[in-house]
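Residue-level structural notes
Here is how the chains run, residue by residue.
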Amino acid sequence: MSAIANYFKLDELNTSIRTEFIAGLTTFTSMAYILFVNPSVLGAAGMDKGAVFTATAVASAVATLFMGIVALYPIAIAPGLGVNAFFAYSVVIGMKVPWETAMAGVFVAAIIFLVLTFFKIREKIINIIPQNLKLAIAAGIGLFIAFIGLHDAGLIVANKDTMVSLGNLTTPTSLLSIFGIILTFILLTRKTPAAIFIGMVATSIVGIIFGLIKLPTTIISPVPSLAPTFGVSVMHIGDINSLQMITVVITFLLVTFFDTAGTMIGLATQAGFMKNNEMPRAGRALMADAVGMTVGAVIGTSPTSAYVESSSGIAVGGRSGLTSVFTGLFFLLALFFSPLLSVVTSQVTAPALVVVGVLMAKSLRQIEWEDLAIAAPAFLIIIGMPLTYSISDGIALGFILYPITMITTGRGKKVHPLMYALAILFILFLVIVAH
């Protein structure tokens, strides 16, 4: 045990193996939905759902274990939501590209990712982002995941007249989430250890008691075979031979790049890891994502990304890579105990997301709001993430405006040249996505 504590610097980070275990379990339960959502989304593209389930768990485990052991961060990685929908609905169904070819596009993007990460290009980009914009990214992610939580709870629903509106609060599932939210806030205000995790467990139990959550009929199930998807991407690399497919590869690259970069910055800021506006071991953390994306492409799943739900583990005290190690191990265990995951419904995870959103919003106070040249792009990032339902889109809006406001206030020379390049790149990115 002492060797583990020394390797992960638990004493230095003021944490313990018990705390890291609870944090890893909290993070896993917060993002376990991807094990069911990803096969459903990619299944719409014609992929074997069983194989995608296994690929999702394995790719998540490999990337998250790499993050924990090598990068030493409590950040989990799994196939990203949004980019998987782009894969299935835009590329395969919309463009009528065979899923085998689309998966080859993911593999090519992953190889490019590895190269960019190896030469520390991604790390340099993260480190040149101004402090105020990093704080805005953290706060924006907080609003974004709180919005997701409120929607999952049924408290916010779509409305054709007002876009969104308050949901039916008398619905039993919504009442269950409301119970979870109130209970978790009570536990937090009383400084109860592992408040978020206790809130999720209590919400699950109440849901089961009132028949809102069904108990699984079995506990252990066979692991589905990877045979239908394994190696398909490598065998179809030759299909990447058109302008359309090159555009698809670039889109996979850009969305994953900035989703992961934005999430890592936000989580590192939340946990207090940032030093002199830089993220220590950023290269290793980004390599974990690149490794996950490459492994995922080979065995059969869409691009991986750092998960904002990692903030729930950080919120209960996770501070070292041991949190990620436990999360990764839980993904491997999930291969055999998948029926148990059905207990962790969206109504159970919703309270955790809302609470974490509140905790992440505290970075708002550190932004220089009195300087409009900085406040305006920061605000666009913050408000853009929940309103576009995309971390990368929110970042794009703020990064495009930032050089403009700095130039108009006579501070154009203070803007790093890469920020100008990113602004141009984001304009092109938004044009590509729009089409």
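Residues numbered from 1 in each chain as written. Predicted model: local features only at pLDDT ≥ 70, side-chain atom pairs only at ≥ 80, totals over all residues. Heavy atoms only, no water.

Labelled according to an unreviewed UniProt entry, the protein appears under the name NCS2 family permease, originating from Leuconostoc gelidum subsp. gelidum. Per UniProt, the protein has the following entry under Sequence similarities (unreviewed entry): "Belongs to the nucleobase:cation symporter-2 (NCS2) (TC 2.A.40) family. Azg-like subfamily." According to its UniProt record, the protein has this under Subcellular location (unreviewed entry): "Cell membrane". (UniProt positions renumbered as here; feature names shortened; annotations may be inferred.)

**Structural notes on the environment of K191**
With respect to the helices, strands and loops of the structure, K191 is situated in the loop between α9 (172-189) and α10 (195-209). For K191, a relative accessible area of 72% puts it in the exposed group. On a C-alpha basis, the gap between K191 and V325 in space is 26 Å, while along the polypeptide they are 134 residues apart. (Helix = DSSP H or I, 4+ residues; strand = E, 2+ residues; numbered from the N terminus. Buried < 20%, exposed > 50% of the residue type's maximum accessible area, 1.4 Å probe, protein only.)

**Points about the environment of I111**
Structurally, I111 can be placed in helix α6 (residues 99-118). Separated by 97 residues in sequence, I111 and I208 place their C-alpha atoms 45 Å apart.

**Digging into empty space enclosed by the protein**
For the coordinates displayed, the defined rule picks out 1 cavity of 30 Å³ or more. Secondary structure elements with two or more residues in the lining of the largest cavity: α12 (243-271) and α18 (391-408). At 4 residues, α12 tops the list of elements feeding residues into the lining of the largest cavity. Across the lining of the largest cavity, the residue classes tally to 7 nonpolar, 1 polar and no charged. (1 Å grid on protein atoms, 1.4 Å probe; cavity = no way out; pocket = protein on both sides within 12 Å on 5 of 7 lines; lining within 4 Å. Points joined across faces, edges and corners; volume = space filled by probe spheres on them. Nonpolar A, V, L, I, M, F, W, Y, C, P; charged D, E, K, R; others polar.)

**Points about α6**
If you check α6, its first and last C-alpha atoms are 28 Å apart, about what 20 residues at 1.5 Å a residue would give, namely 28 Å. Among all positions in α6, only W99, T101, A102, M103, A104, G105, V106, F107, A109, A110, F113 and T117 are buried. Taken together, the buried residues of α6 touch α5 (83-94), α7 (121-128), α11 (232-235), α12 and α13 (282-299). Downstream of α6 by one or two residues, K120 has phi in the positive range, about 60°. (Expected span 1.5 Å × (residues − 1). Contact = heavy atoms within 4.5 Å.)

**Some thoughts on a nonpolar patch on the surface**
Judged by side-chain polarity, I111, V115, F118, F119 and I121 come together as a nonpolar surface patch covering roughly 480 Å² of accessible area. Among the elements that make up the nonpolar patch, the one with the highest residue count is α6 (3 residues). Look at I111 and you get partly exposed, because its relative accessible area is 34%. (Patch = residues over 30% accessible without salt bridge, like charges linked within 9 Å, V, L, I, M, F, W, Y side chains within 5 Å. Areas by Shrake-Rupley, 256 points an atom, 1.4 Å probe, with all protein chains shown as cover. Salt bridge = Lys/Arg side-chain N within 4 Å of Asp/Glu carboxyl O.)

**Focus on the side chain of S324**
Structurally, the position occupied by S324 is in helix α15 (residues 321-334). Owing to a relative accessible area of 1%, S324 belongs among the buried residues under this scheme. Residue contacts for S324: discarding those within four places in its chain leaves T64, M67, G68, Y73, P74, I75 and A76.

**Examining the packing of helix α4 (residues 49-71) against α13**
Look at α4 against α13: their axes get within 8 Å of each other, and the N-to-C directions meet at 160°. On the basis of their axis angle, the class for α4 and α13 is roughly antiparallel. Of the two elements, α4 crosses α13, and the hand of that crossing is right-handed. Contacts between α4 and α13 involve A55, V58, A59, V62, A63, F66, M67, V70 and A71 on the former and, on the latter, R284, A285, M287, A288, V291, G292, V295, G296 and I299. Looking at side-chain class alone, the contact of α4 with α13 contains 15 nonpolar, 2 polar and 1 charged residues. (Axes fitted to C-alpha atoms, helices over the stretch in contact; angles between N-to-C directions. Parallel < 35°, antiparallel > 145°, perpendicular 65-115°, else oblique. Left-handed = near helix turned anticlockwise from the far one by under 90°.)

**Digging into unusual backbone geometry**
One non-glycine residue with positive phi stands out, namely L72, at about 65°. Examined against the element boundaries, L72 turns out to sit in the loop between α4 and β1 (77-79). You can call L72 buried: its relative accessible area is 18%. With a phi close to 70°, M163 is a non-glycine residue in the positive phi region. M163 sits in the exposed class, given a relative accessible area of 69%.

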